[in-house]
Amino acid sequence: METDTDRELPVTILSGSLGAGKTTLLNHLLSNAGDRTLAVLVNDMGEVNVDAELVAEGSELELDDGVAELSNGCICCELQDDLETAVVRLARDRSFDHLIVESSGISEPAPVARLFTTESRVAALYDVDTLVTVLDTPAFLEAFAGAGTPERQGSEGDRPLSDLLVEQVEVSNVVLLNKADLCTDEQFAEAEELVGALQPDAETIRTEFSAVDPDRLLGAERFDPSRVNDLPGWKRALEAASDDHGHETTATHAEHSHGGDTYHDDHHGHHHPDEVYGVTSFVYRRRRPFHPDRFTAFLEDLPPAIVRAKGTAWIADNDMRVAIAQAGPSIRATAQGPWIASLPEIERDMYRSNRPDLAWHDEYGDRRTELVFIGTDYDESALRAALEDALVTDEEWDASLEGPFPDEQDADVVIREP
């Protein structure tokens, strides 16, 4: 028979940019907990954890008793060990029945969720209930408006606000569209659709001053640990553009020759969610590399209508799989590791034997470009044409080419910043 001591403790992970309303939400939940006893872990990016003090002042909890203060860094990286120690200590105390973890305003919640779901002493004690993101709705809309983009506060490489907002929304189960009183109905509807494009399964709740029924965030059981890496809308768009066997859809093909061989490319991978403001996506796949300079120019000129672009690019004269991540005005390129086709034969054969479903071309191996674009009222045909123009010509294929893209594993390069 299961006892309260044996039962895993539910945990709600709360994220949101600085000023979005997370502390207001925490105070609201503490004040309206009903018969629940809540424990709160608050992390702040500053040396002095002002948020923890505010939460303590706004509740009946004492700072040393009910709120465990974490400071001097990001909860999901530098303070990972401290977080683990804190939640294990709280579980031993067991004077509560639901834990709320507020992640830093400059981090995204997925790494925190993994702490509670991977094989660890923490996972044995807790059960993730819901991932909640609080959005400052006017700032969310402004971040993707192109001009006057607000900057992300804090460190973590000084990445812009649009990066943070996208990362937090993409892994959420529930998104609070806060400060709705500062938006028109049309603006709110646009924000709701943007959230739906970035994370199709997220429940959106319109809030003012973070006021929400606690039952919608506590005990909602919205989190599925098997899908924490499969939540983003860009991954859904890729899947929608592939058939059930993982092959490219081929509604229309274009043929190109190189070295006497012919290969086919998918040009029509579309994904159209419910449209009110024209939020749609398309997938671009190619087995021909990009010219580094022309592809850089394409990314730099990507229109504000594109809210999110994500995927892997094949860059000419570069053995690395280059991950492209665009969120509003910010674009970064990261070298994820070598193409399997570029490895010595023994290693290549070993990798292929371990990945029998890997799409493989007789000449190019696993080298390919696969990019998803999500946006509002963009010109898809113009973007596809620009991507085609950025590919190498037959004459350039084997040339020695240089560009800004990283060629060492895990190296990261900013292609465009606000």
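Rules used in this analysis
Residues numbered from 1 in each chain as written. Predicted model: local features only at pLDDT ≥ 70, side-chain atom pairs only at ≥ 80, totals over all residues. Heavy atoms only, no water. Helix = DSSP H or I, 4+ residues; strand = E, 2+ residues; numbered from the N terminus. Buried < 20%, exposed > 50% of the residue type's maximum accessible area, 1.4 Å probe, protein only. Contact = heavy atoms within 4.5 Å. Areas by Shrake-Rupley, 256 points an atom, 1.4 Å probe, with all protein chains shown as cover. Salt bridge = Lys/Arg side-chain N within 4 Å of Asp/Glu carboxyl O. Core = buried A, V, L, I, M, F, W, Y, C linked by side-chain atoms within 4.5 Å. Phe/Tyr/Trp six-rings, centres within 6.5 Å; stacked < 30°, edge-to-face > 60°. Axes fitted to C-alpha atoms, helices over the stretch in contact; angles between N-to-C directions. Parallel < 35°, antiparallel > 145°, perpendicular 65-115°, else oblique. Pairing = 2+ DSSP bridges.

## A closer look at the overall build of the chain
Reasoning step 1: Helix and strand content of the chain: eleven helices and 16 strands.
Reasoning step 2: For the chain, the residues scored as buried account for 53% of the 418 residues in total.
Reasoning step 3: Contacts in the chain between residues at least 24 apart in sequence constitute 75% of all its contacts with a sequence separation of at least 6.
Reasoning step 4: Here the chain displays about 18,800 Å² of accessible surface, and carbon together with sulfur accounts for 44% of that area.

## Details of the environment of Ser400
Reasoning step 1: Positionally, Ser400 belongs in the loop between helix 11 (380–390) and strand 16 (412–416).
Reasoning step 2: It is 6.3 Å that separates the C-alpha atoms of Ser400 and Asp317, two residues lying 83 residues apart in sequence.

## A closer look at helix 1 (residues 22–31)
Since the α-helix advances by 3.6 residues per turn, residues separated by three or four positions end up pointing in the same direction.
Reasoning step 1: Among the ten residues of helix 1, eight are classified as buried, and the element is accordingly described as predominantly covered.
Reasoning step 2: Within helix 1, the full set of buried residues consists of Lys22, Thr23, Leu25, Leu26, Asn27, His28, Leu29 and Leu30.

## Examining the pattern of salt bridges
Charged atoms that come close allow side chains of opposite charge to pair.
Reasoning step 1: Applying the stated criterion to the full structure yields 14 salt bridges.
Reasoning step 2: One network of salt bridges, in which partners are shared, links Glu203, Arg216 and Arg222.

## So, the side chain of Arg367
Reasoning step 1: Looking at the secondary structure, you find Arg367 in the loop between helix 10 (345–354) and strand 15 (369–376).
Reasoning step 2: When residues no more than four places from it in sequence are discounted, the contact partners of Arg367 are Arg287, Trp314, Trp339, Ala341 and Ser342.

## Here we look at the nonpolar core
Reasoning step 1: Core analysis: the largest hydrophobic core is formed by 27 residues, its most contacted members being Phe290, Phe295, Ile324, Phe373 and Phe405.
Reasoning step 2: If we ignore the near neighbours within four places in the chain, the residues touching Phe290 are Tyr284, Phe295, Ala313, Trp314, Ile315, Ala316, Thr369, Leu371, Leu387, Ala390, Leu391 and Val392.
Reasoning step 3: One finds Leu141, Ala180, Ala202 and Ile374 within the second-largest nonpolar core, a separate group that totals 24 residues.

## Some remarks on the environment of Val283
Reasoning step 1: The residue Val283 is located in strand 11 (residues 279–286) in this model.
Reasoning step 2: Given the relative accessible area of 1%, Val283 is considered buried.
Reasoning step 3: Residues Val283 and Glu370 lie 87 residues apart in sequence; the distance between their C-alpha atoms is 7.0 Å.

## Points about unusual backbone geometry
Reasoning step 1: Residues other than glycine seldom take positive phi values, yet Phe209 does so here, at roughly 55°.
Reasoning step 2: With respect to the element layout, Phe209 can be found in the loop between strand 7 (203–206) and helix 8 (233–240).
Reasoning step 3: Residue class for Phe209 comes out exposed when judged on its relative accessible area of 64%.
Reasoning step 4: Positive phi, normally seen in glycine, also occurs at Asp410, with a value near 75°.
Reasoning step 5: Relative to the assigned elements, Asp410 resides in the loop between helix 11 and strand 16.
Reasoning step 6: Residue classification places Asp410 among the exposed positions, given a relative accessible area of 60%.

## What about the packing of aromatic side chains?
Reasoning step 1: Across all of its chains, the model carries eleven aromatic pairs by this definition.
Reasoning step 2: With a centroid separation of 5.4 Å and an interplanar angle of 85°, the aromatic rings of Phe116 and Tyr126 are classed as edge-to-face. One end of the pair, Phe116, is in helix 4 (residues 110–117); the other, Tyr126, is in strand 5 (residues 126–136), and ten residues separate them in sequence. Across the pair, Tyr126 and Phe116 agree in class, each one buried.
Reasoning step 3: The interplanar angle of 25° and the centroid separation of 6.4 Å between the aromatic rings of Tyr284 and Phe290 together place this pair among those described as stacked.
Reasoning step 4: Residue class for Tyr284 comes out buried when judged on its relative accessible area of 0%.

## Observations regarding the packing of helix 9 (residues 292–300) against helix 11
Reasoning step 1: As a packed pair, helix 9 and helix 11 sit with axes 8 Å apart at the nearest point and diverge in direction by 155°. Between helix 9 and helix 11, the interaxial angle falls into the category roughly antiparallel. Of the residues in helix 11, those touching helix 9 at Arg294, Phe295 and Phe298 are Leu383, Ala386, Leu387, Asp389 and Ala390.

## Regarding the pairing of strand 13 (residues 320–327)
Reasoning step 1: Within strand 13, six of the eight residues are buried, which leaves it mostly tucked inside the rest of the structure.
Reasoning step 2: Looking at chain direction, strand 12 (residues 306–313) and strand 13 are connected through six bridges and run antiparallel. When the bridges of strand 13 are listed, Gly311 appears paired with Ile324.
Reasoning step 3: The antiparallel pairing of strand 12 with strand 13 creates a hairpin that spans six residues between the two strands, and Asp317 there sits at a positive phi of about 60°.
Reasoning step 4: With eight bridges connecting them, strand 13 and strand 14 (residues 330–338) associate as antiparallel partners. Within strand 14, the position partnered with Arg321 by the bridge is Gly337.
Reasoning step 5: In textbook terms, the turn of a hairpin is the stretch between consecutive antiparallel strands, and for strand 13 and strand 14 this stretch comprises two residues, one of which, Gly328, has a positive phi near 60°.

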